[in-house]
Amino acid sequence: MGRQIDVKANRIRVQVLGTPTILGVPDGQNIRPQAMELLVYLIVRGGSAYQHEILGDLLPEPTHRLAAQRLHTYTYNLRQIFRSISGDNTYLRLRRHHYTLNTDAFNVDLWTMRDAITAAQHATSPATITAALRHAISVYRGPFAANTGYLWLARHQQAVSREFLTAAVNLAEELADRPAEANAVLDRAAHHHPDDELLASAAATIRLRLG
């Protein structure tokens, strides 16, 4: 019998901010590039997608039958990788053509960022807001799915970048009484997105106010 695990205590770590990576994959286990693309796609959608959506975005050219066969191959590869890292569990479900990640089994940087941003939006004290926004931007290593060139990537990458940049600007504003820290936050954001015009405009306004 396979080794049973406490998924919350032993989550599979996945990074999709910057170059996508599954951490802790044992030597000798190889993830197919298309399987990694499927995982990244599910992650950015919050952990689920219907088969027709996946085929339309990831496998638009093959016939439906061939595309479905390839998708089965990729999901099988993912399940093998997940089991090799954390043992037997349900990591990826398929029910009625709906693919769903077991979110409790994963620790994903994008989800961490988004949860922290949501926490900041619902917080009422400045200290709590600042802490949540710090946490949000701390996990950002670069644009979503950087260096992949996925055909479906552009709108998702732009949306994630905007979430990060908005969090960074909001944090800088929360740190108005600490100019050095506020400037460091803006510099970090500009390092990842040096040509973003909205960031540059917001940073100029904030720095003018900081003096």
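Not measured: the values here are computed from a predicted model.

### Quick word on the nonpolar core
For step 1, the next point in the chain: Among the nonpolar cores identified, the biggest contains 69 residues, and Val14, Phe106, Leu110, Met113 and Phe144 are the most heavily contacted of them.
For step 2, the next point in the chain: Apart from the residues within four sequence positions on either side, phenylalanine 106 is in contact with Arg11, Ile12, Val14, Phe82, Tyr91, Leu101 and Trp111.

### Quick notes on the pattern of salt bridges
Once the charged atoms of two side chains with opposite charge are near each other, the side chains can pair.
For step 1, the next point in the chain: One pass over the full model with this rule turns up 6 salt bridges.
For step 2, the next point in the chain: As a salt-bridge pair, glutamate 53 and arginine 45 come within 2.7 Å of each other at their nearest N and O atoms.
For step 3, the next point in the chain: One salt bridge in this structure joins glutamate 163 and arginine 114, with 2.9 Å as the shortest N-O distance. One end of the pair, glutamate 163, is in helix α6 (residues 153-174); the other, arginine 114, is in helix α4 (residues 109-122), and 49 residues separate them in sequence.
For step 4, the next point in the chain: Assessed through its relative accessible area of 24%, glutamate 163 is described here as partly exposed.
For step 5, the next point in the chain: Here arginine 114 falls in the partly exposed class, since its relative accessible area comes to 23%.
For step 6, the next point in the chain: A single network of salt bridges, built from pairs that share partners, joins Arg134, Asp177, Arg178 and Glu181.

### Let's talk about the pairing of strand β4 (residues 92-95)
For step 1, the next point in the chain: As judged from the 4 bridges shared by β4 and strand β5 (residues 98-101), these two strands associate in the antiparallel manner. From the neighbouring strand, leucine 94 faces β5, where its bridge partner is tyrosine 99.
For step 2, the next point in the chain: Joining the antiparallel neighbours β4 and β5 is a turn of 2 residues, in which arginine 96 adopts a positive phi near 50°.

### Observations concerning the packing of helix α7 (residues 179-192) against helix α8 (residues 197-210)
For step 1, the next point in the chain: One can describe the packing of α7 onto α8 by two numbers: an axis separation of 11 Å at closest approach and a directional angle of 170°. The angle between α7 and α8 places the two elements in the roughly antiparallel class. Together, Pro179, Ala182, Asn183, Leu186, Asp187, Ala189 and Ala190 of α7 and Leu199, Ala203, Ile206, Arg207 and Leu210 of α8 make up the contact between the two elements.
For step 2, the next point in the chain: Grouping the constituent residues of the contact of α7 with α8 by class yields 9 nonpolar, 1 polar and 2 charged.

### Comments concerning the sheet that holds β4
For step 1, the next point in the chain: Taken in spatial order, the 3 strands line up as β3-β5-β4 in an open sheet, and their pairing is antiparallel. A strand with exactly one partner marks an edge of an open sheet, and here the two such strands are β3 (48-50) and β4. Across the sheet, the mean angle from the axis of one strand to that of its neighbour is 15°, orientation sign disregarded.
For step 2, the next point in the chain: Bridge count between β3 and β5: 3 bridges; the pairing is antiparallel. Counterpart to tyrosine 50 in the pairing with β5 is histidine 98.
For step 3, the next point in the chain: On the sheet, helix α2 (residues 51-58) packs against β3 and β5 and is oriented at approximately 90° with respect to β3.
For step 4, the next point in the chain: Each of β4 and β5 is contacted by helix α3 (residues 64-86), which is oriented at about 145° to β4, the strand it contacts most.

### Topic: the environment of glutamine 158
For step 1, the next point in the chain: Within the secondary structure, glutamine 158 is located in helix α6.
For step 2, the next point in the chain: Separated by 15 residues in the primary sequence, glutamine 158 and proline 143 place their C-alpha atoms 8.4 Å from one another.

### So, the environment of arginine 114
For step 1, the next point in the chain: In sequence terms arginine 114 and alanine 172 are 58 residues apart; their C-alpha atoms lie 18 Å from each other.
For step 2, the next point in the chain: Residues within four places of arginine 114 in sequence aside, it is in contact with Val44, Val160 and Glu163.

### Some points on the side chain of histidine 193
For step 1, the next point in the chain: Mapping histidine 193 onto the fold places it in the loop between α7 and α8.
For step 2, the next point in the chain: For histidine 193, the contacting residues outside a window of four places in its chain are Tyr140, Pro143, Ser161, Phe164, Leu165 and Leu199.

### Brief notes about α7
For step 1, the next point in the chain: Compared with the 20 Å implied by 1.5 Å per residue over 14 residues, the 20 Å span of α7 between its first and last C-alpha is a close match.
For step 2, the next point in the chain: For α7, the complete set of buried residues consists of Ala182, Val185, Leu186, Ala189 and His192. Projection of α7 onto a plane perpendicular to its axis shows the buried side chains occupying an angular sector of 125°, all on one side. Along α7, the residues that are exposed and aim more than 90 degrees away from the buried face are Ala180 and His191.
For step 3, the next point in the chain: As for α7, its buried residues are in contact with α5 (126-138), α6 and α8.

Quick notes on the rules
Residues numbered from 1 in each chain as written. Predicted model: local features only at pLDDT ≥ 70, side-chain atom pairs only at ≥ 80, totals over all residues. Heavy atoms only, no water. Core = buried A, V, L, I, M, F, W, Y, C linked by side-chain atoms within 4.5 Å. Buried < 20%, exposed > 50% of the residue type's maximum accessible area, 1.4 Å probe, protein only. Contact = heavy atoms within 4.5 Å. Salt bridge = Lys/Arg side-chain N within 4 Å of Asp/Glu carboxyl O. Helix = DSSP H or I, 4+ residues; strand = E, 2+ residues; numbered from the N terminus. Pairing = 2+ DSSP bridges. Axes fitted to C-alpha atoms, helices over the stretch in contact; angles between N-to-C directions. Parallel < 35°, antiparallel > 145°, perpendicular 65-115°, else oblique. Nonpolar A, V, L, I, M, F, W, Y, C, P; charged D, E, K, R; others polar. Expected span 1.5 Å × (residues − 1). Arc of directions from axis to C-beta.

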